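Listed below, chain by chain, are the residues.
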Amino acid sequence: MPGITREEVAHLARLARLELKDEELDHFAGQLDDIIGAVARVSDVADEDVPPTSHPLPLTNVMRPDEVRPSLTPQEALSGAPAQEQQRFKVPQILGED
């Protein structure tokens, strides 16, 4: 696999609007080459009998049943609001929609 060249790093830097010095181009070319090599090694490890996963450990969602609990009334929730309308917080329009 060919290594990352200074020109490729310079191109990536231009796309990212980064100004890099000549010695930084050489330094980052080596680092990017190491990173791409590490990713390639991970791809080599994955075998046909290993299913793709999004997380190394199984995750389960912790759910509880919905139940009504004491909460604020609309009047209590809106009591500190600077403006309200139809039992809702009234805020300034920001998107220019009617």
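Thresholds, definitions, all that
- Starting from 1, residues in each chain are numbered consecutively following that chain's sequence as written.
- Side-chain atom pairs in this predicted model are given and counted only at pLDDT of 80 or more, local residue features only at pLDDT of at least 70, and totals for whole chains, interfaces and linings cover all residues.
- As a convention, hydrogens and water are excluded, and side-chain values are obtained from all of the structure's heavy atoms.
- UniProt positions are given in the numbering used here, feature names are shortened, and annotations may be inferred rather than shown by experiment.
- A run of DSSP states H or I qualifies as a helix once it reaches four residues; a run of E qualifies as a strand once it reaches two. Both are numbered from the N-terminal end.
- Three exposure classes are used, based on accessible area relative to the maximum for each residue type with a 1.4 Å probe and protein chains only: buried under 20%, partly exposed in between, and exposed over 50%.

The protein is annotated in an unreviewed UniProt entry as Aspartyl/glutamyl-tRNA(Asn/Gln) amidotransferase subunit C of Streptomyces varsoviensis. According to the UniProt record, the Sequence similarities (unreviewed entry) comment for the protein reads "Belongs to the GatC family." The protein has a UniProt comment under Subunit (unreviewed entry) that states "Heterotrimer of A, B and C subunits."

A. Just the environment of Arg64, in detail. Relative to the elements of secondary structure, Arg64 occurs in the loop between α2 (22–45) and α3 (74–78). Arg64 sits 30 residues away from Asp34 along the chain, and the two C-alpha atoms are 46 Å apart.

B. Representation of unusual backbone geometry in the model. The phi torsion at Gln86 lies on the positive side, around 50°, for a residue other than glycine. For Gln86, the location among the structural elements is in the loop between β1 (84–85) and β2 (88–89). When its relative accessible area of 64% is taken as the criterion, Gln86 is described as exposed. Here the phi dihedral of Gln87 falls at roughly 55°; this positive angle occurs in a residue that is not glycine.

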